[in-house]
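These are the residues of each chain, in order.
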Amino acid sequence: MSIVTVQLGQCGNQIGFEVFDALYTDSHCPQGLCSKRENEAYQASCKERFFSEEENGVPIARAVLVDMEPKVTSQSLSKAAQSGRWKYGQHSCFCQKQGSGNNWAYGYSVHGPRHEEAIMNLIQKEVEKCDSLSGFFIIMSMAGGTGSGLGAFVTQNLQDQYSNSLKMNQIIWPYGTGEVIVQNYNSVLTLSHLYRSSDALLVHENDAVHKICAKLMNIKQISFSDINQVLAHQLGSVFQPTYSVEGSCHYRRNPLGICPLFNLSNKMYVKYTYRNIFFSSCLELFIKCLASFPLIGIDWQVRPPLSGLPTLGKVSLNRELHFNTSIANLVILRGKDVHSADLGGFKDPALYTSWLEPIHAFNVWKTQRAFSKYEKSAALVSNSQFLLKPLDTIVGKAWNMFASKAYIHQYTKFGIEEEDFLDSFALLEQVVASYCNL
Amino acid sequence: MTQSVVVQVGQCGNQIGCCFWDLALREHAAVNQKGIYDEAISNGIKFNFISLSQAVLIDMEEGVVNEILQGPLRDVFDSKQLITDISGSGNNWAVGHKVFGSLYQEQILEKLRKSAEHCDCLQCFFIIHSMGGGTGSGLGTFLLKVLEDEFPEVYRFVTSIYPSGEDDVITSPYNSILAMKELNEHADCVLPIDNQSLFDIISKIDLMVNSGKLGTTVKPKSLVTSSAGAVKKRHQKPFDAMNNIVANLLLNLTSSARFEGSLNMDLNEISMNLVPFPQLHYLVSSLTPLYTLADVNIPTRRLDQMFSDAFSKDHQLIRADPKHSLYLACALMVRGNVQVSDLRRNIERLKPSLQFVSWNQEGWKTSLCSVPPVGHSHSLLALANNTCVKPTFMELKERFLRLYKKKAHLHHYLQIEGMEESCFMEAVSSLSGLVEEYNQLDATKSMPVEDLPRLSIAV
């Protein structure tokens, strides 16, 4: 089953490239740490999901690149082509000459309707190339104009046109200290619209990934390229094939069929992926992380182990130990000794909201085939109160700005009125309240 | 690929415009040499600067424009894109605005339409002029209304040179105040610059270069005041160095739109992010570094110094002290080998010393462009929407009132058809209104930041 990726805006296109690169590199990793047959099954599954075949054997990413100005998409296209290993389809790119100017209203109300047909046609063409479509993966940022505004519009269209397919949006949460001045407005408008049309929102915060680069990877001068590569690795370790229920050698057919219990709200949060450590200590960390109240200053100190000895992670918990309540958790394990990993801690009812049984809320996917060059890796995808604080913060700041009417004229110019803002605020306050009451 | 049209009006405007094209040529020539732009990219984007922008040159006396046409840049300018007259505006806003405005309106419109047709996707007009004279000030601001009517979707960025206190044009306060009203009403974004600040910056550079204090030599082409040199030889005239600073400002402003980067910023984003209310569209700018030392390995401390300098009052292109006033919004446009972590680190470092308005505490807009200016490894342009522009406007108003009370030179204006005393009164009240808005914002400066009560909903 295949996934069609839609990359929107500068952020979406820069990340999209890194994701496909990571997926390709991993699937062609020589090691694998598993039998040859397994490796081949893995490769075939990955290929089917993310790439389509061309005559001369160079795989083509199943992706549509959309941006309102040409610089970034042409960069992504050429970087892929130059690598010689995989590439984007020649006609998979939709571009205009002038960007959205960080204006959500412009992206949604002007660019959206204007280019609706062209963009949906491109997506349709990509869908037709798939034997069977599992769903859509839409990569976008919240802070800008194209990714956020046009992204919301496209997602809505996908909901109308392909209502049976899953739509997952990968959204990038901007730096708290400001990348774009109107980022809070754009974020509020984006989230409220996506809530109505997307099935799942996978969130990555720039601040969090930046911290990973700084503290865990010790990169001195962090560039967006570093950040995007970390992101791509996390996504790759989530989306690459894993065993289905039938056992090994049969890879799960539906890659996006993550936990079915998303009736409340569809937020997920990919936690840090740990490498080269024993599963037990890693899983302990995950549980501690799940249990502690989400606070920005969670200090992770995991050093790469020497000669396979496990390291202990130090987690500084908040003084008042609130339990961070989850609706659903998914753990993905790859590599050596995957079957002997002890996942008991995840089934503790204390982690979950009272109206859920852990057995319904917790899922685990495994494969013995290692990811990239890591002997072991684990990923946690969680729908819990993790995002409550960041969401609350963004809504609060946007509200303060809205109260002073600053920048509103830029949005009303293109058809987004004050009522639209109020609707968005109301919806998000409901989400915040729902998560609070878990 | 978007294009802009540069409209240079008056002596000042044309001289600055000339410097701008000179430097732009140099920049693109340097970049193309390094072969960064692979024309095999099938999208066919060409960073040919001539297709990048168009120019329209307007002056009401021929001297300056003729000189440009005879100089080495003559091939750059299409001679059909000029509008000149012989007599000049006599430093009279009314002559520039009313007389030449109506006389040349059709011609100007025609040239502008032609320029727009050449453009694939016209995004913005850059108007360069001075406020104190007659043509730049009068005709330049007349143009704004024309552009707004004819091309309502295209942004109007105005670079205005404000007269300093010891300006030699006696009527400059009248001209400036009359022009301000037009800027208030018809410009999308104004970058005020004053000659005194430019002059101070030059003195500072001269001091550093000649003092030999640092013990190392300064790279000659890296001075923000230096002209291209390679492209054209001309005698360094007194205003050249100052004009080069303004030209560099414009180059850096458009760099993220012209070159690639990891976080692009287009011109329409400037207006979107830095103009919270339509009237408050005056942006204080500062450029750093002013020169680069010859030693190549620039450690991080130097980089951080660049950020600190951008907020010091010595680097502002207008006499203002943003640190002690209230920020409404701030944009940092970085060029060269600077990564996002450097940017974040410096924002967090400088934030505590700056005051932002309560509803925009994280009012930062950032951009990263990979290509540095010629002669530098990195540079920073900071644009601030800050209440520190207020003193400049208030001083201008003072000077105006001193003249107006005595009715000095007023008859030169009133004898022009369409000019009455009410024009002056309206202009002053427009300016007063603007100052009042800044005052109101300043009043909120020392108030504690309160979170407003949120929407309460039924769950």
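Remember, it's a predicted structure, so these values are computed and weren't measured experimentally.

A. Expanded view of the packing of helix α6 (residues 183-197) of chain A against helix α13 (residues 418-436) of chain A. Residues and elements named next belong to chain A. Packing of α6 against α13 leaves a shortest axis separation of 9 Å and a crossing angle of 70 degrees. Judged by the angle between their axes, α6 and α13 are roughly perpendicular. Contact residues: α6 offers Tyr-185, Val-188, Leu-189, Leu-191, Ser-192, His-193, Tyr-195 and Arg-196, while α13 offers Phe-421, Asp-423, Ser-424, Phe-425, Leu-427, Leu-428, Val-431 and Tyr-435. Residues that form the contact of α6 with α13 fall into these classes: 11 nonpolar, 3 polar and 2 charged.

B. Molecular detail of the pattern of salt bridges. Under the defined criterion, the tally for this structure stands at 27 salt bridges over all chains. Members of the salt-bridge network, linked through shared partners, are Asp194(B), Arg319(B), Glu395(B) and Arg399(B).

C. Structural view of the interface of chain B and chain A. Each partner contributes residues to the interface: chain B has 57 residues there, and chain A has 53 residues. Interface area for chain B against chain A, summed over the two sides, is near 4,600 Å², with a carbon-plus-sulfur share of 54%. Taken as a group, Met272(B), Arg454(B) and Leu455(B) account for 17% of the area that chain B buries against chain A, more than any other trio of residues on that side. Remark: the boundary between chain B and chain A carries 2 salt bridges. A salt bridge links Glu362(B) to Lys397(A), with the shortest nitrogen-to-oxygen separation between them at 3.1 Å. Here chain B and chain A share 24 residue pairs in polar contact (both at pLDDT 80 or more) between them.

D. Geometry of the sheet that holds strand β2 (residues 51-52) of chain A. Residues and elements named next belong to chain A. Overall, mixed pairing links the 3 strands, which are arranged β2-β3-β5 in an open sheet. Where the open sheet ends on each side, the last strands, each with one partner, are β2 and β5 (87-88). Looking at chain direction, strand β3 (residues 60-61) and β5 are connected through 2 bridges and run parallel. In the sheet register, Ile-60 faces β5, and the bridge partner there is Lys-87.

E. The domain arrangement of chain A, seen in detail. Residue and element names in this part refer to chain A. We note that the domain assignment places domain 1 (2-271), domain 2 (283-304 + 319-387) and domain 3 (389-437) within chain A. Domain 2 puts 7 residues into the contact, and the matching count from domain 3 is 5 residues. At the boundary of domain 2 with domain 3, total buried surface from both sides reaches about 520 Å², with 52% on carbon and sulfur atoms. There are 4 residue pairs in polar contact (both at pLDDT 80 or more) connecting domain 2 and domain 3.

F. Looking closely at helix α12 (residues 390-405) of chain B. Residues and elements named next belong to chain B. Here α12 is 16 residues long and its end C-alpha atoms lie 22 Å apart, about the 22 Å a rise of 1.5 Å per residue gives. Every buried residue of α12 is listed here: Lys-390, Thr-392, Phe-393, Leu-396, Arg-399, Phe-400, Leu-403 and Tyr-404. At its buried positions, α12 is contacted by β5 (155-162), α6 (172-186), α13 (410-414) and α14 (421-443). Remark: Lys-407 follows α12 within two positions and exhibits a positive phi of approximately 60 degrees.

G. Here's a closer look at the environment of Val381(A). Secondary-structure assignment places Val381(A) in strand β16 (residues 376-384). What makes Val381(A) buried here is its relative accessible area of 2%.

Procedures and definitions
Residues numbered from 1 in each chain as written. Chains lettered and ligands numbered in written order. Predicted model: local features only at pLDDT ≥ 70, side-chain atom pairs only at ≥ 80, totals over all residues. Heavy atoms only, no water. Axes fitted to C-alpha atoms, helices over the stretch in contact; angles between N-to-C directions. Helix = DSSP H or I, 4+ residues; strand = E, 2+ residues; numbered from the N terminus. Parallel < 35°, antiparallel > 145°, perpendicular 65-115°, else oblique. Contact = heavy atoms within 4.5 Å. Nonpolar A, V, L, I, M, F, W, Y, C, P; charged D, E, K, R; others polar. Salt bridge = Lys/Arg side-chain N within 4 Å of Asp/Glu carboxyl O. Buried area = accessible area lost by both parts, 1.4 Å probe. Polar contact = N/O pair within 3.5 Å; in protein donor to acceptor, adjacent residues only side chain to side chain. Pairing = 2+ DSSP bridges. Domains from an automatic or database assignment. Expected span 1.5 Å × (residues − 1). Buried < 20%, exposed > 50% of the residue type's maximum accessible area, 1.4 Å probe, protein only.

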